[in-house]
Amino acid sequence: MTATTPAKTAPPAEEAGGAAAPRPKRWKLNLRRDRSLLIMTLPAVVLLAVFAYAPMLGLITAFQEYDIYNGFWYSPYVGLDQFQRLLSDTIFWHALENTLVLSAVQLALYFPVPIALALLFNEVANGRVRSFVQSIVYLPHFFSWVLVVTVFQEMLGGAGALNALLRRHGWETWDIMTNADAFKYLVTAQAVWKEAGWGIIVFLAALAAIDQSLYEAAAADGAGKWRRMWHITLPGMRSVIVLMLVLRLGNALTVGFEQMLIQRDAVGRDAAEVLDTFAYYYGVVNNNFSYGAAAGLFKGILSLLLILAANKLAHAFGEDGLYRRDDR
């Protein structure tokens, strides 16, 4: 009876003198894994590149005395002359002041509204009622600013419903649509009516991501609705709130070009002139494209500094903001 010898295993490739099979690089594995998602985002990336990044090449005109007939290549280069002229322009500083004031008012009065609406909708138990109310609140987002201003004119203008009611009772009328002192609150009210409903979508998604077992445990411990909202709901939404706040601060200098342009003549330049309308009227309308480009570039740099500062503040409070810190 012969003993059987165990089968010899093949030696590793290194011992046999051969090289180990190369492992695919990590970025190739990620590319293969996320291929379908990348293909889905490709149209959006192309649109962003064509309509957002490619036009940035025109910023070279901010350093030229641009002539539309000579083009980029043959217009004389003037360095920082346009910016020196810009910083010595009192109208520009007034437009910047108006922009910052309007942005601060909208941040204080508009930003909390979508959060409050999301919390209210989250408490509505009847799904049909909630869907119906949400559809109504979403609807103004799809209206143009011309229609929004027209609706407010019909309600608050000199011949609007409010003044008709005041005249009927013998009271003094008040044309809010042409009142320069009330303009910042008027445009904020218009923004709330138009965009607050659409803004709750992100916060509703944040609410849906909160673990419902936390509410059940808190209710079992005797916590009421307010305590559950304070200790569970708001902390669960904090990261999303901070992210939206950072984005809002980064976009603080954009307070609505079309909205301001439509109402500028009604309330006057002193109340409605912002950076966007300044660049349009004193750059495009006056055929001074280099001056308008300098104003736009100044606004872009200032917006970048604001969003970086807001993101730094988010990191100080322990949130990721737009991107994670390197030490986390």
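Right above here is the structure, for reference.
Structure report, in brief. (Residues numbered from 1 in each chain as written. Predicted model: local features only at pLDDT ≥ 70, side-chain atom pairs only at ≥ 80, totals over all residues. Heavy atoms only, no water.)

## Some words on the layout of surface pockets
Taken as a whole, the largest pocket spans an internal volume of roughly 680 Å³. The wall of the largest pocket is formed by 27 residues, among which Leu59, Gly296, Leu297, Lys299 and Gly300 lie closest to the centre. Of all elements in the fold, only helix 12 (225-250), helix 15 (275-285) and helix 16 (289-316) reach the threshold of two or more residues within the lining of the largest pocket. Top element by residues in the lining of the largest pocket is helix 16. It accounts for 11 residues. (1 Å grid on protein atoms, 1.4 Å probe; cavity = no way out; pocket = protein on both sides within 12 Å on 5 of 7 lines; lining within 4 Å. Points joined across faces, edges and corners; volume = space filled by probe spheres on them. Helix = DSSP H or I, 4+ residues; strand = E, 2+ residues; numbered from the N terminus.)

## With respect to the pattern of salt bridges
Side chains that differ in sign of charge can pair as their charged atoms come close. By the definition in use, this model includes four salt bridges. The closest approach of N and O atoms between Glu273 and Arg264, which form a salt bridge, is 2.7 Å. Judged by its relative accessible area of 10%, Arg264 is buried. One salt bridge in this structure joins Asp276 and Lys299, with 2.7 Å as the shortest N-O distance. Here Lys299 lies in helix 16 and Asp276 lies in helix 15, a separation of 23 residues in the sequence. (Salt bridge = Lys/Arg side-chain N within 4 Å of Asp/Glu carboxyl O. Buried < 20%, exposed > 50% of the residue type's maximum accessible area, 1.4 Å probe, protein only.)

## A few points about unusual backbone geometry
Residues other than glycine seldom take positive phi values, yet Asn287 does so here, at roughly 60°. Within the fold, Asn287 resides in the loop between helix 15 and helix 16.

## Overview of the packing of helix 5 (residues 90-109) against helix 10 (residues 183-208)
The geometry of helix 5 relative to helix 10 is characterised by a closest axis approach of 10 Å and an angle of 50° between their N-to-C directions. By the angle class used here, helix 5 and helix 10 are oblique. As helix 5 packs across helix 10, the resulting crossing turns out to be right-handed. Contacts between helix 5 and helix 10 pair Val101, Leu102, Val105, Gln106 and Leu109 from the former with Lys184, Tyr185, Val187, Thr188 and Val192 from the latter. Among the residues making up the contact of helix 5 with helix 10, the classes are represented as seven nonpolar, two polar and one charged. (Axes fitted to C-alpha atoms, helices over the stretch in contact; angles between N-to-C directions. Parallel < 35°, antiparallel > 145°, perpendicular 65-115°, else oblique. Left-handed = near helix turned anticlockwise from the far one by under 90°. Contact = heavy atoms within 4.5 Å. Nonpolar A, V, L, I, M, F, W, Y, C, P; charged D, E, K, R; others polar.)

## So, the packing of aromatic side chains
Think of a pair of aromatic rings as described by two things: how far the centres are apart, and how the planes are tilted against each other in angle. Considering all chains together, one arrives at 14 aromatic pairs under this definition. Within the aromatic cluster, the residues linked to one another by ring pairs are Phe92, Trp93, Phe278, Tyr282, Tyr291 and Phe298. It is Arg85 that lies over the ring of Tyr291; its NZ or CZ is 4.0 Å from the centre. If you follow Lys194 out to its NZ or CZ, it ends over the ring of Trp145, 5.2 Å from the centre. (Phe/Tyr/Trp six-rings, centres within 6.5 Å; stacked < 30°, edge-to-face > 60°. Lys NZ or Arg CZ within 6 Å of the ring centre and 35° of its normal.)

## As for the packing of helix 11 (residues 212-220) against helix 12
For the pair helix 11 and helix 12, interaxial distance at closest approach is 11 Å and the crossing angle is 150°. The pairing of helix 11 with helix 12 is recorded here as roughly antiparallel in orientation. Crossing geometry of helix 11 relative to helix 12 is assigned as right-handed. Two secondary-structure elements touch here, helix 11 through Leu214, Tyr215, Ala218 and Ala219 and helix 12 through Arg228, Ile232 and Thr233. Its residues placed into classes, the contact of helix 11 with helix 12 shows five nonpolar, one polar and one charged.

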